[in-house]
Amino acid sequence: MNTDWNGPEGEFETAEKQGELLMLLSSRQVTVHTGEEPDFDYMEPEDLALVVENPRGGEDLLIELCAEFSVFFETWHGSYKATEAEYQRMVKEITAILEGRAAVMSLCAGGNWLAGVLCPEAPAGDADADSLLGRPEVLPGMAETLRRQGGRIRLVHWDPARDRVVEVAPQN
């Protein structure tokens with residue numbers, strides 16, 4: 001399908017991908033929501049939200065089809081323009097989460113939440129704080145703050161049995 005006529009830089013309407021996304025998620029329990037529902041009343045009338053239920057009782061995955069695509073998992077939020085390249089990147093990241101190859105790293109320092117970052121390749125199960133903070137997904141300023149103030153790193157996977165917390169001692 002040629003969608004580059006719809007907008008600048010090959011952009012298209014995100015709703016055009018609803019069918020493809022539902023096919024991608026066909027082996028999962030997915031509910032479709034609109035802005036007419038109380039929990040989704042922040043969306044425009046033509047927007048859609050897909051909630052992928054986590055069968056293991058962990059965090060659900062939320063995919064919003066609005067002016068752009070948005071994906072939410074735990075404390076991480078990914079934004080993707082409505083272009084084919086960005087759509088393919090989103091699909092790759094969603095698939096990695098659902099297949100357990102990716103994890104969200106939630107960073108807290110001094111009792112405050114800093115960020116949630118997606119690790120497209122989940123860290124090793126025995127990774128220590130230094131190796132986690134040295135990952136390319138963690139911005140240097142975040143790592144410095146966490147090391148200086150101390151805090152914790154929470155790793156969240158699609159399978160909550162793999163979740164873990166790594167404590168970071170403050171540096172003196």
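Notes on the structure in this doc start here. Because the structure is predicted, anything quoted here is derived from the model rather than measured.

Criteria and thresholds
Residues numbered from 1 in each chain as written. Predicted model: local features only at pLDDT ≥ 70, side-chain atom pairs only at ≥ 80, totals over all residues. Heavy atoms only, no water. Helix = DSSP H or I, 4+ residues; strand = E, 2+ residues; numbered from the N terminus. Buried < 20%, exposed > 50% of the residue type's maximum accessible area, 1.4 Å probe, protein only. Areas by Shrake-Rupley, 256 points an atom, 1.4 Å probe, with all protein chains shown as cover. Lys, Arg positive; Asp, Glu negative; His and termini not counted. Charge placed at Lys NZ, Arg CZ, Asp CG, Glu CD. Salt bridge = Lys/Arg side-chain N within 4 Å of Asp/Glu carboxyl O. Pairing = 2+ DSSP bridges. Axes fitted to C-alpha atoms, helices over the stretch in contact; angles between N-to-C directions. Contact = heavy atoms within 4.5 Å. Disulfide = S-S within 2.5 Å.

## What about the overall build of the protein?
- In terms of regular secondary structure, the protein is built from four helices and nine strands.
- Along its sequence from the N terminus, the protein presents helices and strands in the succession α-β-β-β-β-β-α-β-β-α-α-β-β.
- Principal-axis analysis of the C-alpha atoms places the extent of the protein at approximately 55 × 35 × 30 Å.
- Put simply, the protein has 172 residues, and 44% of those count as buried.
- A total of about 9200 Å² of accessible surface is found on the protein, and carbon and sulfur atoms cover 49% of it.
- Counting 14 positive and 32 negative side-chain charges, the protein places the averaged centre of each group 10 Å from the other.

## Side note on the pattern of salt bridges
- Within this structure, the stated rule accounts for eight salt bridges.
- A salt bridge links E86 to R89; its shortest N-O distance comes to 2.9 Å. One end of the pair, E86, and the other, R89, are both in helix α2 (residues 84-98), three residues apart, so they sit about a helical turn from each other.
- A relative accessible area of 35% places R89 in the partly exposed class.
- A salt bridge links R89 to E93; its shortest N-O distance comes to 3.6 Å. Linking R89 with E93, this pair stays in helix α2, spanning four residues, or about one helical turn.
- Judged by relative accessible area, which is 16%, E93 ranks as buried.
- Salt bridges linked by common partners bring K17, E20 and E84 together as one network.

## Thoughts on the sheet that holds strand β4 (residues 69-73)
- Read across the open sheet, the five strands follow the order β1-β2-β3-β4-β5; overall the sheet is antiparallel. The outermost strands of the open sheet, each flanked by one partner alone, are β1 (30-34) and β5 (76-80). On average, each strand axis in the sheet is inclined to that of its neighbour by 15 degrees, with strand direction left out of account.
- With four bridges joining them, strand β3 (residues 61-65) and β4 adopt antiparallel strand pairing. Counterpart to I63 in the pairing with β4 is V71.
- Sheet strands in contact with α2 are β2 (48-52), β3, β4 and β5, and its direction is about 155 degrees off that of β5.

## Observations concerning the state of the cysteines
- If you walk through the whole model with that rule in mind, you get zero disulfides.
- The thiol of C108 is unpaired, and the distance to the nearest cysteine sulfur, on C119, comes to 14 Å.
- The class of C108 is buried, set by a relative accessible area of 12%.

## Regarding the sheet that holds strand β7 (residues 112-119)
- Ordered in space as β7-β6-β8-β9, the four strands form an open sheet in which the pairing is antiparallel. Each end of this open sheet is capped by a strand with a single partner; those strands are β7 and β9 (164-168). Pairs of neighbouring strands in the sheet enclose a mean axial angle of 20 degrees, with direction left out of account.
- Bridge count between strand β6 (residues 103-109) and β7: seven bridges; the pairing is antiparallel. Bridged to A103 within β7 is C119.
- Against the sheet, helix α4 (residues 140-149) makes contact with β6, β7, β8 (151-156) and β9, and its axis sits at roughly 50 degrees relative to β6, the strand it touches most.

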